[in-house]
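Chain by chain, the residues:
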Amino acid sequence: MVENSELRKAGLKVTLPRVKILQMLDSAEQRHMSAEDVYKALMEAGEDVGLATVYRVLTQFEAAGLVVRHNFDGGHAVFELADSGHHDHMVCVDSGEVIEFFDPEIERRQKEIVREHGFELVDHNLVLYVRKKK
């Protein structure tokens, strides 16, 4: 199974809860899930994994580089698999929906601004808080 090799590669022991949580994150329609979202989805699928276990496993996955944690303003932490390249986010302030996007021009300008100020870009995280036009 792919999940088993991913866990081993990340230096984690293959356990049933870890496999189930990784499968859930991989197959979920929603790409950004809170620990509670993962727990509810597991319960709906008939899996017996406790909420504390979900929190613990997600923290282990984050430390191992399997998931990325986002703490968007006004909300709780959400996790996404660390399987895609760099992208930025828009968060709808009304619905909480998270939209991923990538814009080469924004990326270029950020690097340019950093250089103009005499720095080197190490990492960045751009989040735009949006609302649907009425």
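As annotated in an unreviewed UniProt entry, the protein is Ferric uptake regulation protein from Pseudomonas lalucatii. On record in UniProt, under Sequence similarities (unreviewed entry), the comment for the protein is "Belongs to the Fur family." For the protein, the Subcellular location (unreviewed entry) comment in UniProt is given as "Cytoplasm".

Let's talk about the sheet that holds strand E3 (residues 88-92)
Sheet architecture is open: three strands sit in the order E4-E3-E5, paired in mixed fashion. Sheet topology places strand E4 (98-101) and strand E5 (127-130) at the edges, where each strand pairs with a single neighbour. Across the sheet, the axes of successive neighbouring strands diverge by a mean angle of 25°, strand direction being ignored. For E3 and E5, the ladder comprises four bridges, and the chain directions are parallel. Bridging across to E5, Cys92 finds its partner in Val130.

Topic: the nonpolar core
Side chains that are nonpolar tend, in soluble globular proteins, to be buried together. Formed by 22 residues in total, the largest nonpolar core has its most connected members in Ile21, Leu25, Val38, Val54 and Phe61. The set of elements that each furnish at least two residues to this core consists of helix H2 (16-27), helix H3 (35-44), helix H4 (51-64) and strand E2 (78-81). With five residues, the single largest contributor to this core is H2. Excluding its chain neighbours within four sequence positions, the residues that come into contact with Val54 are Ile21, Ala35, Val38, Tyr39, Leu42 and Val49.

Some details on the environment of Val57
Secondary-structure assignment places Val57 in helix H4. For Val57 and Ala35, which are 22 residues apart along the polypeptide, the C-alpha to C-alpha distance reads 9.5 Å. Leave out the neighbours within four places in its chain, and Val57 touches Arg18 and Ile21.

What counts, and at which threshold
- Residue positions are counted from 1 within each chain, in the order its sequence is given.
- With pLDDT at 70 or above as the cut-off, local features in this predicted model cover only qualifying residues; side-chain atom pairs require 80 or more to be listed or tallied, and sums for whole chains, interfaces and linings still use all residues.
- Heavy atoms from the whole structure form the basis of all side-chain values; hydrogens and water molecules are not counted.
- UniProt positions are given in the numbering used here, feature names are shortened, and annotations may be inferred rather than shown by experiment.
- DSSP-based pairing: two strands are paired if at least 2 bridges between them are found.
- A run of H or I in DSSP becomes a helix once it reaches four residues, and a run of E becomes a strand once it reaches two; helices and strands are each numbered from the N terminus.
- Every axis in this analysis is a line fitted to C-alpha atoms, fitted for helices over the stretch in contact. Angles between the N-to-C directions lie between 0 and 180 degrees.
- Note on terminology: a nonpolar core comprises buried Ala, Val, Leu, Ile, Met, Phe, Trp, Tyr and Cys residues joined through side-chain atoms within 4.5 Å.
- With a 1.4 Å probe rolled over the protein chains alone, any residue whose accessible area is under 20% of its type maximum counts as buried; one over 50% counts as exposed, and the rest are partly exposed.
- Contacts are residue-level and defined by heavy atoms, with any inter-residue pair within 4.5 Å sufficient.

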